[in-house]
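Secondary and tertiary structure notes
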Amino acid sequence: MPQKAPVVSACHGNSSLSGSSDQRGPSSPLPPAKQIGASLLPWLRPLVVLGLIAVAQGLAGCSGEVAPRNTHTPISSSGDISTFFYQMLLYLDIAVMAVVAAIWAYALVKFRRREGDDTLPPQNHGNMKLEVIWTAIPTLIVVGITVPMLAGVFQMSKRPDANQRIIEVDVTGKQWWWEFDYKNDTANGLQTATELHVPVNTAIVLNMTSADVIHAWWIPRLAGKRDATPGRNYPVYVTPREVGIFDGQCAELCGASHALMGTKLVVHPLAKDAEVDYQGKKVTLESYETWVQHNQADAAKPASAEIEKGAKLFSERTCPTCHIIKGQFDTAIRAPTSGPNLSHVGSRLAIAANTLVNNPENLAKWIAKPSAIKPGSKMPDLNLTPDEAKAIATYLYSLK
Ligand code: HEC
Ligand SMILES: [Cu+2]
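Described in the following lines is the structure provided in the data block. Treat the numbers as computed from the prediction; the structure is a model and nothing was measured.

**Thoughts on the environment of glutamine 87**
Considering the arrangement of structural elements, one finds glutamine 87 in helix α3 (residues 77-110). Looking at glutamine 87, the number of C-beta atoms within 10 Å reads 11, which means it is exposed. Along the chain, glutamine 87 and histidine 72 lie 15 residues apart, while their C-alpha atoms are 8.9 Å from each other.

Following this line, the structure appears as C-alpha cells:
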C-alpha cells in the first residue's frame, strides 16, 4: 500500500512567515487584505507610463497631411463602405469596453475584501438569468454587425452597369512592381507600369492577377486590399471621385523587395487640366484624354547626339530583351522577369515601383546597380560604367 503524503502544504509555512499575527485559522486560503492592495501599487506606475506612451503613439498617427496612405478619407464609394464599417466597429468596441470596464470597476470597489473580514464570499455556480443575458447581447451584436456588413460586401463586389463608360485594366503584380494593360476605351492596348492613370467619376474595372507569387493591390484611400494571385483573376470595381495622386503599397509579403513594391493611382480630370497637391507640392494633372493620346503615341525620337548615344547603348546592353520602347525597341517578349514598358518612362513621377523619384540622377543610379536599390531585383546588374549609365538615363528621361 502506498504511503500517504504528509499534509503539510507550503501555504501554511508561508502564512506564518508573513509576519502577521496569526488571527486566521491555519486553513484559511487567503492572504491578509492589506497585502493585496500594497502588492498592486508597484505595478501601477509602469502601467500608467505605458498607457501614456500608447496614447502618445496613437495621437502621432493623427495628422492627415503626413499620412498619404490613410484609410479615413476615402475617395470612392467602395472606400466609404470599408471606412463606415471600420468606424462602426471602432465605436462599438469602445462602447462595449466602457460598459465592461464600468461593471468591472464597480465590482472591484463594491465587493473588495474589507480589512478584518476573512470569510470566503458566497460561492455559487450557474445563474440562468445572467447566462442568458451574456449570451444574448453578444449574439445580437454579432448579428447586427454581420448583416449590414454582408450587404456592404455584395455592394462592393457588384460589376458596374454596362450602360455607362467603363475603363477596364488588367493589373499584374510582378516581383516587385505593377504592370497595367488597358483593355478597352480610348486607352485600348496601352501598357504602362507603377502608375495607374484613370479618369475621375468613371467606373473602373481592374482585373487583378500575378505573374509570379501572390501580391496584393492596395491604394488605401481608394478601397480595400485585393489579392493578385497567379492563374486567377480577381476583379476590383471602383469609381474614384477625387482628382489627385494617391500612393499605394503591395500588401502581401512577396519576397525580398516586398516593402519596395509601391504604386500610384493618378486620377485625371475629364476635360481641363487640374492642379493638385502631392507631397506638399503643386502638380498639374492634364485631362485623361490628353494623357491617353500622349501615351498611345510612339516614344520620342532622340533629339540630340547625347540622347542618340544613350539609345545606342540601350540597344547594345541587352536592355531591349526585357523592355519595350514603342516604335524603337518592340522586341521584348512577355515573361515574368521582363521589365516595365519604358515608352514614356520620362513622364513617370517615380521609378522602380515608387521607390525612387524620377530624375536623371536616380535613373542612372538604378540602371548602374538595381540590386543596390532593390534587393533581389529581377533586373540584373549589367556592370555599366557610370558614364554609360548616365548616357542611358539621359535617353530614357527624354522619353516624356
Ligand atoms: C532580365 C530583364 C531585364 C533587363 C535585361 C533589363 N531590365 Fe530594366 N527592369 C527589369 C525589371 C524586372 C524591372 C522592374 C524592377 C523593379 O521595379 O523591381 C526593371 C526596371 C527598369 C527601370 C525602371 C522603370 C520603371 O518604370 O520603374 C528602368 C529605367 C530600367 N529597368 C532600365 C533598364 C536598362 C537601361 C537596361 C539595360 C542596361 C535594363 N533595364 C535591362 C528587367 C530588366
Ligand atoms: Cu508584396
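Having seen the model, we can carry on.
**Some words on the sheet that holds strand β2 (residues 177-182)**
Read from one edge to the other, the open sheet built from 5 strands follows the order β3-β2-β1-β5-β8, with strand pairing classed as mixed. Of all the strands in the sheet, just β3 (191-193) and β8 (234-238) have a single pairing partner and so form its edges. Here the strands of the sheet are splayed against their neighbours by 25° on average, with no regard to which way each runs. As paired elements, β2 and β3 share 3 bridges and run antiparallel to each other. Its bridge partner being in β3, aspartate 181 is matched across the sheet by glutamine 191.

**With respect to unusual backbone geometry**
The peptide bond linking glutamine 175 to tryptophan 176 adopts the cis configuration, its omega dihedral lying at 0°. By the secondary structure assignment, tryptophan 176 is in the loop between β1 (166-174) and β2. One non-glycine residue, threonine 194, adopts positive backbone phi at about 65°. Looking at the element boundaries, threonine 194 is found in the loop between β3 and β4 (195-199). For threonine 194, a count of 23 C-beta atoms within 10 Å gives the class buried.

**Here we look at the packing of α3 against helix α4 (residues 128-156)**
Contact pair α3 / α4: the axes reach a minimum separation of 10 Å and the direction vectors enclose 165°. If you check the angle between α3 and α4, you find them roughly antiparallel. Helix-helix and strand crossings are classified by hand; for α3 and α4 the assignment is left-handed. Along its contact with α3, which presents Ser78, Ile81 and Phe85, the element α4 presents Met149, Gly152, Gln155 and Met156. A class-by-class count of the residues in the contact of α3 with α4 yields 4 nonpolar, 3 polar and no charged.

**A short note on the site of ligand 1**
In the region of ligand 1, 32 residues are neighbours, and Cys319, Cys322, Gly339, Ile351 and Met379 sit closest. Mapped by element, the contributors of at least two residues to the shell around ligand 1 are α7 (360-368) and α9 (386-397). It is α7 that provides the largest number of residues to the shell around ligand 1, a total of 3 residues. Here the residues of the shell around ligand 1 are counted per class, giving 20 nonpolar, 8 polar and 4 charged. Here the shell around ligand 1 gathers at least three residues from each of two domains, domain 1 (166-295) and domain 2 (298-397).

**Describing α9**
For an α-helix the count is 3.6 residues per turn, leaving residues at separations of three or four pointing the same way. Between its terminal C-alpha atoms α9 stretches 16 Å, which fits the 16 Å expected from 12 residues at 1.5 Å a residue. For α9, the tally of buried residues reaches 10 of 12 residues, placing the bulk of the element in the interior. Of the residues making up α9, those classed as buried are Glu388, Ala389, Lys390, Ala391, Ile392, Ala393, Thr394, Tyr395, Leu396 and Tyr397. Next to the buried residues of α9 lie α6 (305-316) and α7.

**Let's talk about the environment of proline 380**
Positionally, proline 380 belongs in the loop between α8 (370-373) and α9. Placed 10 residues apart in sequence, proline 380 and proline 370 show a C-alpha to C-alpha distance of 6.9 Å.

**Description of the sheet that holds β4**
Taken together, the 3 strands give an open sheet; going across it, the order is β4-β10-β9, and neighbouring strands pair in mixed fashion. The open sheet is flanked by β4 and β9 (244-249), the only strands paired with a single partner. With direction set aside, neighbouring strand axes in the sheet form an average angle of 20°. In terms of strand pairing, β4 meets strand β10 (residues 262-268) through 5 bridges, oriented parallel. Opposite valine 198, over in β10, you have valine 267 as the bridge partner.

Conventions used here
- Residues numbered from 1 in each chain as written.
- Chains lettered and ligands numbered in written order.
- Predicted model: local features only at pLDDT ≥ 70, side-chain atom pairs only at ≥ 80, totals over all residues.
- Helix = DSSP H or I, 4+ residues; strand = E, 2+ residues; numbered from the N terminus.
- Buried ≥ 20, exposed ≤ 12 C-beta atoms within 10 Å, placed from the backbone.
- Pairing = 2+ DSSP bridges.
- Axes fitted to C-alpha atoms, helices over the stretch in contact; angles between N-to-C directions.
- Parallel < 35°, antiparallel > 145°, perpendicular 65-115°, else oblique.
- Left-handed = near helix turned anticlockwise from the far one by under 90°.
- Contact = placed C-beta atoms within 7 Å.
- Nonpolar A, V, L, I, M, F, W, Y, C, P; charged D, E, K, R; others polar.
- Near = placed C-beta within 6 Å.
- Domains from an automatic or database assignment.
- Expected span 1.5 Å × (residues − 1).

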